[in-house]
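Listed here are the chains, written in short residue letters.
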Amino acid sequence: MEEPRHTRRFEIPLHRLDVPLPHLLPFAIGTFDTIGALSRANFPHRHTFYEIVYVTGGRGTHVLDSVHRPLHPPQLCVIAPGQVHHWVDAEELTGQVVLFNEDFLPSRSQNVTSLRTLAAEPGHCPGDQSGPIEALLADMEAEYRALLPGYPLLLRASLQILIVRALRTCPPSVEATPRDRATEVAADFTRLLELPGGTRRSVDSYAQELRISPGHLQASVRQATGLTPGGLIRLRRTLEAKRLLVATELTIRQVAAAIGFRDPAYFCRFFRRETGMSPGTFRSGAGGNHHDPRIESIAAGGGGS
């Protein structure tokens, strides 16, 4: 599929979940063919929803926030809202695609953290989980198409099981990360930070929205992530700058303005301090593997992955 010209270089296309009738759910499941060509789009884009892709065949590369992962089916991919991804040289893709909004999740806070952990990497080898995951996805698709009484409840319960099985594809230290109050506060902070305009807010405004003191927020986030709220804001700001530099042809001045810097020179100093290179150098080498492993795992309550 060719990239739409009107969005090609000055904004990153944003896809929303539009589920056709007869379903009235913020959820869909199908194959690459039944979901449609956008499920294997070859241009950088992002979603307002979560996507779980289980690839059983085909070849190509999945690119998630500038990190390239060649396909070696079976392979599990999770894309979280706001992440920029696309497929390179993808051919004959087979498998199943699950799309859903956050409000369809059971145990929302915990599952958001789990999905963000999975989305820290462009792909996971399912290992001994491949059989159970394939059987579960087949059952979910059958329920989705049969429309039998109670099927939304069954789909939500099955989605919970799918997330747990997907987590088992991660290293044991990640899968077993305990959730304490500090981790919950950090996850809530991260979720707010990822909303549009989140990197332009003050730490105090986040504390007020979470109904805790700024000191409590500072201590909780540092305990859960090893970084301060301000440090996570800088990381998220840097990630958004990288996304715009790679996926658009905005000028450096325009990228700076888009992430809240009035002075392009100050933005360039900020970017060099955070990444070790200028925005122009980063953009010229965008075909490489530019990735700060701390960024997408900050909600997981652990270190980099």
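A. Inspection of the overall build of the protein at higher detail. A tally of regular secondary structure across the protein gives 12 helices and 7 strands. For the protein, the proportion of its 305 residues judged to be buried stands at 50%. Across the protein, every contact between residues at least 6 apart in sequence was considered, and the portion connecting residues at least 24 apart equals 74%. Within the structure as shown, the protein displays about 14,000 Å² of accessible surface, and the carbon and sulfur contribution to it stands at 53%.

B. Geometry of the nonpolar core. Judged by nonpolar contacts, the single largest core of 45 residues is most densely connected at F27, I52, F100, M140, L159 and L162. Mapped onto this core, the elements with two or more residues apiece are β2 (27–31), β4 (50–64), β6 (75–79), β7 (85–100), α2 (108–118), α3 (130–146) and α4 (151–167). Considering every element that reaches this core, the biggest residue donor is α4, with 7 residues. When neighbours within four sequence positions are excluded, L162 is seen to be in contact with I52, V98, I133, L136, L137 and M140.

C. Local environment of the packing of helix α6 (residues 181–193) against helix α8 (residues 214–225). Two elements in contact, α6 and α8, have axes whose closest approach is 8 Å; the angle formed by their N-to-C orientations is 100°. Looking at the two axes, α6 sits roughly perpendicular to α8. Together, A182, T183, V185, A186 and F189 of α6 and L217, S220, V221, Q223, A224 and T225 of α8 make up the contact between the two elements. Residue composition of the contact of α6 with α8, by class: 7 nonpolar, 4 polar and no charged.

Conventions used here
- Residues numbered from 1 in each chain as written.
- Predicted model: local features only at pLDDT ≥ 70, side-chain atom pairs only at ≥ 80, totals over all residues.
- Heavy atoms only, no water.
- Helix = DSSP H or I, 4+ residues; strand = E, 2+ residues; numbered from the N terminus.
- Buried < 20%, exposed > 50% of the residue type's maximum accessible area, 1.4 Å probe, protein only.
- Contact = heavy atoms within 4.5 Å.
- Areas by Shrake-Rupley, 256 points an atom, 1.4 Å probe, with all protein chains shown as cover.
- Core = buried A, V, L, I, M, F, W, Y, C linked by side-chain atoms within 4.5 Å.
- Axes fitted to C-alpha atoms, helices over the stretch in contact; angles between N-to-C directions.
- Parallel < 35°, antiparallel > 145°, perpendicular 65-115°, else oblique.
- Nonpolar A, V, L, I, M, F, W, Y, C, P; charged D, E, K, R; others polar.

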